[in-house]
Each structure stands twice: as C-alpha cells, then as structure tokens.
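Listed below are the residues making up each chain.
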Amino acid sequence: MPDMKLSNYFYGDEAMQFSYFRIPCQLITHPRFKHLSTDSKLLYGMLLDRMSLSIKNEWYDDTGRVYIYYTVDEICSCLNCGRDKAMKLLAELDTGKGVGLIERIKQGQGKPTRIYVKRFTTQELPPKSKQKPGPPEPSPAVEFSDMQKSAFPISRSRDFRCAEVGESDPNHTKRNQIDFIQPDPSIYPSAPSERQTGIDRYEVREEVKESIEYEHLRQELPYDDVESLLELIVDVLSSAASTMRIGGEVLPMDAVRRRFCQLDSEHIRYVIDSLRQTTTKINNIRAYLLTALYNAPVTIGPYYTAAVRHDFR
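Residues numbered from 1 in each chain as written. Predicted model: local features only at pLDDT ≥ 70, side-chain atom pairs only at ≥ 80, totals over all residues. Heavy atoms only, no water.

1. Considering the overall build of the chain
Stage number 1. Counting secondary structure elements, the chain contains 11 helices and 4 strands.
Stage number 2. Counting the 313 residues in the chain, one finds 32% classified as buried.
Stage number 3. Counting only contacts in the chain whose residues sit at least 6 apart along the sequence, the fraction spanning at least 24 positions is 61%. (Helix = DSSP H or I, 4+ residues; strand = E, 2+ residues; numbered from the N terminus. Buried < 20%, exposed > 50% of the residue type's maximum accessible area, 1.4 Å probe, protein only. Contact = heavy atoms within 4.5 Å.)

See the structure below:
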C-alpha cells in the first residue's frame, strides 16, 4: 500500500470531497440507545449507508419495503473483527434480541440474509385525526425536481411488474451502475461456503449454552471438557452439510440435528462420565465424541439402570 501524506488542516471546502457514514444523533443522545455499544452504532450507520445502493438497484420486497444485503463476512472485513463479534453486533441491533433497529429475514437455499434497516426515530406519530392537511399537490404539468414526496423513490407506479410475476423479485437488468454496485447475490449467487449457508454460529452457541445449562456445568465439571462438547454441538447445529458420518454410518443432517437438539445438561454429564471410564485407546476423539453425543439421548437411561443394578450386587 502506498504511503499517505496527511495534512494538518482543511482549507476551504476540502472536507466535502470525502464520503462519510451517517450515524444518527439520536443513537448517541437518546436514552433508548444509551446501552448500545459504539461498534453497533457504527454498524447501523454502515447499514444505513447501504440503503442508497438498494434504492438505486430497486431492491424492494412485495410490500415496497427496501432491503439490503450485508453479509457477516463483509462486516468482519469492514470492522476488522471476528465472526462472533459481528454476530453479537447484529444481535444488538436486531428486532428479536436487540433494540429493534434492523430485521433479518433468512431466505435459505444458499441465499444471503435480507436485512431491513428500520427507522431510528423515537418520536410518536400524532393521531391521524389531528394531522394538519398537507400542501396541495403540484399540477402534473409542473415538475419539481428537488421535491421528495416519500421516503422511497416513487417516480413511477409500483404496478410495473406483470401479474404473473408479481410475487418474484424485481428485474435488475436496468440499474444505474455506480461505484461499489454489486449484483444481487440472490440472482447470481456464488458457490456458498459452509459459513455462508450455515445457521448463525453466535446465535446457535447462545441457545445451546442455555439448553445444557452451561454456566452450571462449567462449575461442576472440567472447563475444557464442557467447552469441547459445547463447540462440537454448535458445529453440528450450524453446519450446512447435507449428511454427517456418525459411528461409521452416513446419516441425513436433519436427523442428526434433531437428535442433537435433545441434548441437555444430564447428557453432557453422561458423556463426560463415560469418557472418564473408557480405558481403550481412542484414535479419533472427535468422531468418538460425536457418536457419544448422538447416542446419549437413547443410551443414557439403560446406562444408569445398569450402573444401579451393578451397585446393588
């Protein structure tokens, strides 16, 4: 990268030559957003900036709402952070777990997640009955090039699509090409990687930790053992593979996920206890543990029943 010479001052209107991310003042000043991290506020400004690209490319859903594409890998690259942190920042902004500034809709089939950037304003709208009538509409013969009537461009009717394709995505062949314009990845998707098509790992990890009572387990059992089993479960549930080898047999991934979703704290204790009592040499510990976790919901009952019978002999 070539060296850059930094000037100490701006002269005249030199500052106007740069592009900026716009972060709304309310995210800094309003009490509702005080708990948001600085990085999540910066991310919202980046998502808000991407909206202009979507509008130019006419990325609207069937109800006319604008959506954007901003993958986790892009966020990691732009913010120079890891995937877990990027997912945590999205969760802070999300409607489900966060403050409600964005809404993510998964499309499946290797397509990237749609992100709806929501309004940040906290002002309540007055009742319709108390609204003052707006100014009269200009005559159709008179054009006002700088007048904005809506939050979205409506220079033409929304019925430009044929009835038989009204439910599909808009045609993107007539779009203005500007800097950094990217083709809609849902039309020409690249070969999806396991990370792109898999379930969001951060969210899965948090759900698994809750299901297995992770905080209690790490106090009772060796930390490394609990952490290793946690990561194995997350690997399975967030995998995009169609099949998985368990115990030397190739099984459908959906069946494997259903079994792993049944795991709780007792199953984790059972697997760790069984591992301690194993005296044979284990050549592939990962395959062994995957098999043990898969079989745990089925074998835990007979195992402890047999142990009780042995103690009473």
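Once you've had a look at it, read on.
2. Observations concerning the nonpolar core
Stage number 1. Judged by nonpolar contacts, the single largest core of 31 residues is most densely connected at Val208, Leu229, Ile233, Val256, Phe260, Ile268 and Leu293.
Stage number 2. Look past the residues within four positions of Phe260 in its chain and what remains in contact with it is Ile233, Val236, Leu237, Leu290, Leu293 and Tyr294. (Core = buried A, V, L, I, M, F, W, Y, C linked by side-chain atoms within 4.5 Å.)

3. Examining the side chain of Asp94
Stage number 1. Looking at the element boundaries, Asp94 is found in the loop between helix H4 (83-93) and strand S1 (102-105).
Stage number 2. Assessed through its relative accessible area of 12%, Asp94 is described here as buried.
Stage number 3. In this structure, Asp94 is in contact with Val99, Gly100, Ile102, Glu103 and Arg104, ignoring residues within four places of it in sequence.

4. Describing the packing of helix H3 (residues 72-79) against H4
For any two helices packed against each other, the geometry comes down to the angle between their axes and how far apart the axes lie.
Stage number 1. Interaxial distance between H3 and H4 falls to 9 Å at its minimum, and their mutual angle equals 105 degrees. Classified by the angle between their axes, H3 and H4 sit roughly perpendicular to one another. Here H3 contributes Val72, Asp73, Ile75, Cys76 and Leu79 to the contact with H4, which in turn contributes Arg83, Ala86, Met87, Leu89 and Leu90.
Stage number 2. Class assignment for the residues of the contact of H3 with H4 results in 8 nonpolar, no polar and 2 charged. (Axes fitted to C-alpha atoms, helices over the stretch in contact; angles between N-to-C directions. Parallel < 35°, antiparallel > 145°, perpendicular 65-115°, else oblique. Nonpolar A, V, L, I, M, F, W, Y, C, P; charged D, E, K, R; others polar.)

5. Concerning the environment of Ala241
Stage number 1. Residue placement: Ala241 occurs in the loop between helix H8 (223-237) and strand S3 (243-246).
Stage number 2. Here the alpha-carbon distance between Ala241 and Pro252, two residues 11 residues apart in the chain, equals 9.1 Å.
Stage number 3. Beyond its immediate sequence surroundings of up to four residues, Ala241 is in contact with Met253 and Arg257.

6. As for the pattern of salt bridges
When charged atoms on two side chains of opposite charge get close, those side chains can pair.
Stage number 1. Within this structure, the stated rule accounts for 16 salt bridges.
Stage number 2. Between Asp61 and Arg65 there is a salt bridge, and its shortest N-O distance comes to 2.9 Å.
Stage number 3. The exposure class assigned to Arg65 is partly exposed, which follows from its relative accessible area of 41%.
Stage number 4. As a salt-bridge pair, Glu227 and Arg205 come within 2.3 Å of each other at their nearest N and O atoms. Of this pair, Glu227 sits in helix H8 while Arg205 sits in helix H6 (residues 201-211), and the two are 22 residues apart along the sequence. As far as the burial class goes, Glu227 and Arg205 line up, both buried.
Stage number 5. One continuous salt-bridge network, built from bridges that share partners, spans Arg201, Arg205, Glu227, Glu231, Asp235 and Arg286. (Salt bridge = Lys/Arg side-chain N within 4 Å of Asp/Glu carboxyl O.)

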